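# A structural walkthrough
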Amino acid sequence: MIEYWHNPRCSKSRAGLALLEERGADVTVRKYLEDSPDLAMLIATRVALGNPAVSEMMRTKDAIFKELGLSKTDADDALLTAMAKHPALIERPIAINGDRARIGRPTEALLELL
């Protein structure tokens, strides 16, 4: 079962979901802007992604990133807390399958979870 953090307004997110469904994946959609992951879930997802820099999990070019005065070099805790409070900062889409996760950029990266 793949948990898919989805924003239906995002073309990349829609494309990733379509790709997984075309390949027959069992997908549970989580509209993360409405059902936001908490700090613990974000930390677990980072581990599942292979412990990338927290900024790689974020939409650093999003206006809210700048409005909050965030920087890619901020402490991990500060960036993770910002994502928990402002889920629009979470890079999309993210797919999680057990203890593995991938960010769907490029979309084909999601296929690694199948």
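Our subject is the structure that appears above.
First, a word on what this report is: a plain description of the structure on this page. What you see is a predicted model; the values in this text were computed from it and never measured.

### Section: the pattern of salt bridges
- Inspection of every chain in the model, using the stated rule, returns seven salt bridges.
- In this structure, the salt-bridge partner of R30 is D35, at a minimum N-O distance of 3.6 Å.
- One salt bridge connects R105 with E91, and the closest N-O pair in it is separated by 3.0 Å. Here the residue R105 occupies a position in the segment after β4 (100-103), and E91 occupies one in the loop between α4 (76-85) and β3 (94-97), the gap between them amounting to 14 residues.
- Among the ionic contacts, a cluster of salt bridges with common partners joins R59, D62, E91 and R105.

### Focus on the packing of helix α2 (residues 39-48) against α4
- Where α2 contacts α4, the two axes come as close as 9 Å, and the packing angle between them is 120°. The orientation of α2 with respect to α4, classified from their angle, is oblique. Classified by chirality, the crossing of α4 by α2 is right-handed. On α4, the residues touching L39, L42, I43 and R46 of α2 are D76, L80, T81, M83 and A84.
- Along the lines of polarity and charge, the residues of the contact of α2 with α4 split into six nonpolar, one polar and two charged.

### Concerning the environment of M58
- Locating M58 in the fold gives a position in the loop between α2 and α3 (63-67).
- A relative accessible area of 3% places M58 in the buried class.
- Considering only alpha carbons, one finds M58 and R14, 44 residues apart in sequence, at a separation of 18 Å.
- In contact with M58, other than residues within four places in its own chain, are F65, L70, L79, M83, L89 and E91.

### A word on the pairing of strand β1 (residues 2-5)
- Pairing between β1 and strand β2 (residues 27-30): four bridges, direction parallel. Each residue of the ladder has a partner; that of E3, found in β2, is T28.
- Note that the unit made of β1, helix α1 (residues 11-22) and β2 has a crossover that is right-handed.
- Both β1 and β3 contribute to a ladder of three bridges, which runs antiparallel. From the neighbouring strand, E3 faces β3, where its bridge partner is I96.

### A look at unusual backbone geometry
- A cis amide bond, omega -10°, links R92 with the succeeding residue P93.
- Mapped onto the fold, P93 is located in the loop between α4 and β3.
- Residues R105 and P106 are joined by a peptide bond in cis, for which omega reads 0°.
- Relative to the helices and strands, P106 resides in the segment after β4.
- The residue N51 is not glycine, and still its phi comes out positive at about 60°.

About the cut-offs
Residues numbered from 1 in each chain as written. Predicted model: local features only at pLDDT ≥ 70, side-chain atom pairs only at ≥ 80, totals over all residues. Heavy atoms only, no water. Salt bridge = Lys/Arg side-chain N within 4 Å of Asp/Glu carboxyl O. Helix = DSSP H or I, 4+ residues; strand = E, 2+ residues; numbered from the N terminus. Axes fitted to C-alpha atoms, helices over the stretch in contact; angles between N-to-C directions. Parallel < 35°, antiparallel > 145°, perpendicular 65-115°, else oblique. Left-handed = near helix turned anticlockwise from the far one by under 90°. Contact = heavy atoms within 4.5 Å. Nonpolar A, V, L, I, M, F, W, Y, C, P; charged D, E, K, R; others polar. Buried < 20%, exposed > 50% of the residue type's maximum accessible area, 1.4 Å probe, protein only. Pairing = 2+ DSSP bridges. Right-handed = clockwise from strand over helix to strand, strands pointing away.

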